[in-house]
Amino acid sequence: MSKIDLKRANRILKKRPAASAFIILLIFVLLCATFVSGYYVFALYSVQLKMTGEADSLYNMYSTETDPLALLRQSKRDSFTTDSDGRIISGNKDNSCCYTAKPIPSSYFYLKTETDFEVYADKKSDMLIQADQDGTDIKLLHLFDTNSISDAIENKDMSKSIPYWIAFPTDDGGKLFIRTYLDLSVGDVIFTAAITGIFAFAFLLILIVLFVYWISNLSHRKSIRKLIFMDRISGNHNWMWFLIRADKIINKRRNLSNSYAVVNLVFARYRNFVLCHSIEHGERMLSKIYLEIASGVGPSDLAAHSTEAHFPLLIRFTDEETLRSTLNNIISKLESIEKDHKFGFHAGVAVIPPQTKAERRRIDLDNVYNFASAARMQLGEKDESGIMFFDNKLLEEQKWIDKVTEKQKDALKNEEFIVYYQPKYDPVSNKLQGAEALIRWQNDELGFISPGRFIPIFENNGFITEIDHYMIEHVARNQAQWLSKGYDIVPVSVNVSRAHFIEDDLAEQIRDIAISQNCPPEYIEIELTESAFFDDKDKMIETIKKLQSYGFAVSMDDFGSGYSSLNSLKDLPLNILKLDAGFFSNGDDLERSEVVVAEAIKLAKNLNMKTVAEGIEEKPQVDFLAREGCDMIQGYYFAKPMPASDYEDRMNRDETVSPSKEASSDTPGHLE
Ligand code: C2E
Ligand code: MG
Ligand code: MG
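Predicted model, so just to flag it, every value in this text is computed and none were measured. (Residues numbered from 1 in each chain as written. Chains lettered and ligands numbered in written order. Predicted model: local features only at pLDDT ≥ 70, side-chain atom pairs only at ≥ 80, totals over all residues. Heavy atoms only, no water.)

Colleague: Can you lay out the packing of helix α18 (residues 590–606) against helix α19 (residues 619–628) for me, pointing to particular residues and giving the numbers?
Modeller: Relative orientation and spacing of two packed helices are given, respectively, by the angle between their axes and the distance between those axes. At their nearest, the axes of α18 and α19 sit 10 Å apart, and the two run at 40° to each other. Pair α18 / α19 crosses with right-handed handedness. Contact residues: Glu594, Val597, Ala598 and Ile601 in α18; Phe624, Leu625 and Glu628 in α19. Class assignment for the residues of the contact of α18 with α19 results in five nonpolar, no polar and two charged. (Axes fitted to C-alpha atoms, helices over the stretch in contact; angles between N-to-C directions. Helix = DSSP H or I, 4+ residues; strand = E, 2+ residues; numbered from the N terminus. Left-handed = near helix turned anticlockwise from the far one by under 90°. Contact = heavy atoms within 4.5 Å. Nonpolar A, V, L, I, M, F, W, Y, C, P; charged D, E, K, R; others polar.)

And the structure:
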């Protein structure tokens, strides 16, 4: 999983609904505050609207007049002017204006007028302006409070005319004061209350919408989290969740001194279980397994379900022994998770030792889990439970696999694969009877490599089919060349991998290669490994018959190394039986081995098959095989695998070999 994906998922995991809830609550509080003070805000606004309107119309009325006071007197408005020192210079000296107190400056008003003006209280009314000593605490609004409203209603006094003074600056630096009235009616109060109500309602509506959105978002987020971090099958945590949580745990400062085990725990025969039962039963089983594992790990450890029957775990541990016992406990409980059954569980373990912060940051958990899986894979397909720890040898192995895989294509193009020949001799006459073609790889960087190190990799990655073609083609070409030179050639066997047998036209492919190289089919023998016979017997029989009908001999390689050898013999129409080298290895009970070999040779003869004994290194083995009637011997006693040129020499000598001498003249190919 990429770091970016992980970061994104982490963000989703981090988001706490509590944070959003806090935001909603804050908005709610703000809205309530707005609701409570809204009435006053609107009341203030309407009063100011009236006052600024009045100021504007008065200014327009009198600003053009040469003698505004005369006009004012005429309209019976109380007024007066002052000089720049505040002394009354004309107009009514007994006015009721509180002009000696501080005025409300025009900057106090929201709405701007054509001129600057000031508002002063009238001594006969404290309803409108009530200023404190320094005139800062100005109460404009108590006329809107509930008492004044109820007073007004009780007294059927539905309107109020409140006197106040407006002052305009005059040209000589003085002021012109004009008495005017603020006319307020119950209608104003109702209007203000209605506006406040509408706004409050709108706010409430917004709040409800926000709240509904938040709730639905909450459940939506819950289902997204479920989708991303929950496993559909076991209903519990999944791989993504595991990666994020494990990353957090191992990177916590206080956890740096702890050792952690990343474990890949697998229900070994899950597929079989599903086949024998049902998918539903299998899935129920996975949930049960998950719960059992989760209860088996410590409170600060992690367990999740990733793919199929794989469970990643993160376990904190102090020493390997306690870790093993924790895992053993979990596994032994899992083994008997269902009555009357014993299941196998495989655990691969990769250890994260105590590290520095920087080292922990560099850890790629995906990779560590891969190591754990690689360790688990070492346990193979076996039914019994097991625990395997990852070590660097495994890592080296993996690196080797990567290198081989990376180089394979070019190696084929550059003809880096070399065909070695190992002769097969008649143990009685010591005459050359055949040979086996064995591959070697000569690479500039990797050196000279024997097949045991790369064939299994090719078998795994499928490249083996190309190798098989390559070998058949080269052997056919060599045989055709030797034939054209007039040599007395013998059949050469070529190994064909079991992976190749799934191809329907394998026999045709081999036939076509032999034809293309002008090699008669009787000089090529096809070796199949015994284990290949278990894959698809019918197809195998069909291919063998076709190969034989085209003129190729077919042999069974490594007979006796598997378990069902006799069964395969019964069903398969083979020409040659190659007895596995294991029969002749020193460790075994020799007498018993000889009995089995003797019987195998007899059996082959009765089935009209020739026998080849592989891995023969000593004279007594040759003598025994000669006595029992084994047709050919392939082993170091006679010769090790050798390059084509050496084999050509040997073929040409046309004489019986002197075994001890020949076997010592080894070629580089047998240094394996
Ligand atoms: P195999 O087909 O059973 O080949 C016999 C192996 O036994 C060869 O190992 C050979 O060198 C070795 N051998 C022969 N005589 C003796 C002996 O007296 N003592 C001992 N200790 N070993 C002996 P090699 O060449 O390393 O090949 C190993 C396996 O690799 C082969 O087993 C075969 O399964 C596979 N292989 C080799 N070449 C090819 C190939 O071209 N194609 C395919 N598909 N597999 C190949
Ligand atoms: Mg072979
Ligand atoms: Mg063999």
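Colleague: Kindly report on the sheet that holds strand β11 (residues 386–389), identifying the contributing residues and their values.
Modeller: Strand order across the open sheet formed by five strands is β8-β9-β7-β10-β11, with mixed pairing between neighbours. The open sheet is flanked by β8 (302–303) and β11, the only strands paired with a single partner. Bridge analysis of β8 against strand β9 (residues 310–317) gives two bridges, and the strand direction is antiparallel. Looking across to β9, one finds that Ala303 is bridged to Leu313. Strands in contact with helix α8 (residues 279–296) are β7 (259–267), β8, β9 and β10 (345–352); relative to β9, the strand with the most contacts, it is inclined by about 0°. (Pairing = 2+ DSSP bridges.)

Colleague: Describe the pairing of β10, with residues and values.
Modeller: Most of β10 is tucked away, with seven of its eight residues classed as buried. Relative to β10, β7 runs antiparallel, the two sharing eight bridges. Across the sheet, the residue bridging to Leu265 is Ala347, located in β10. (Buried < 20%, exposed > 50% of the residue type's maximum accessible area, 1.4 Å probe, protein only.)

Colleague: Outline a positive patch on the surface, listing residues and values.
Modeller: A surface patch of positive charge is lined by Lys248, Lys252, Arg254 and Arg316. Note that Arg316 resides in strand β9. Given the relative accessible area of 43%, Arg316 is considered partly exposed. (Patch = residues over 30% accessible without salt bridge, like charges linked within 9 Å, V, L, I, M, F, W, Y side chains within 5 Å. Areas by Shrake-Rupley, 256 points an atom, 1.4 Å probe, with all protein chains shown as cover. Salt bridge = Lys/Arg side-chain N within 4 Å of Asp/Glu carboxyl O. Lys, Arg positive; Asp, Glu negative; His and termini not counted. Charge placed at Lys NZ, Arg CZ, Asp CG, Glu CD.)

Colleague: Before we move on, could you go through the site of ligand 1 and cite the residues and values that matter?
Modeller: Within the structure, ligand 1 sits among 22 residues, and Gln422, Glu436, Asp557, Glu617 and Tyr636 are positioned closest to it. Between ligand 1 and Ile439 there is a distance of 3.1 Å, counted from a nitrogen atom to a backbone nitrogen or oxygen. Contact with the protein chains hides 80% of the accessible area of ligand 1, taken as 790 Å² for the molecule alone. Of the pockets mapped on this structure, ligand 1 occupies the largest pocket. Contributing elements (two or more residues each) for the shell around ligand 1: β13 (432–443), α14 (464–484) and β17 (553–559). The element that contributes the greatest number of residues to the shell around ligand 1 is β13, accounting for four residues. Partitioned by chemical class, the residues of the shell around ligand 1 number nine nonpolar, five polar and eight charged. (Near = heavy atom within 4 Å. Polar contact = N/O pair within 3.5 Å; in protein donor to acceptor, adjacent residues only side chain to side chain. 1 Å grid on protein atoms, 1.4 Å probe; cavity = no way out; pocket = protein on both sides within 12 Å on 5 of 7 lines; lining within 4 Å. Sits in = over half its atoms within 2 Å of the grid points.)

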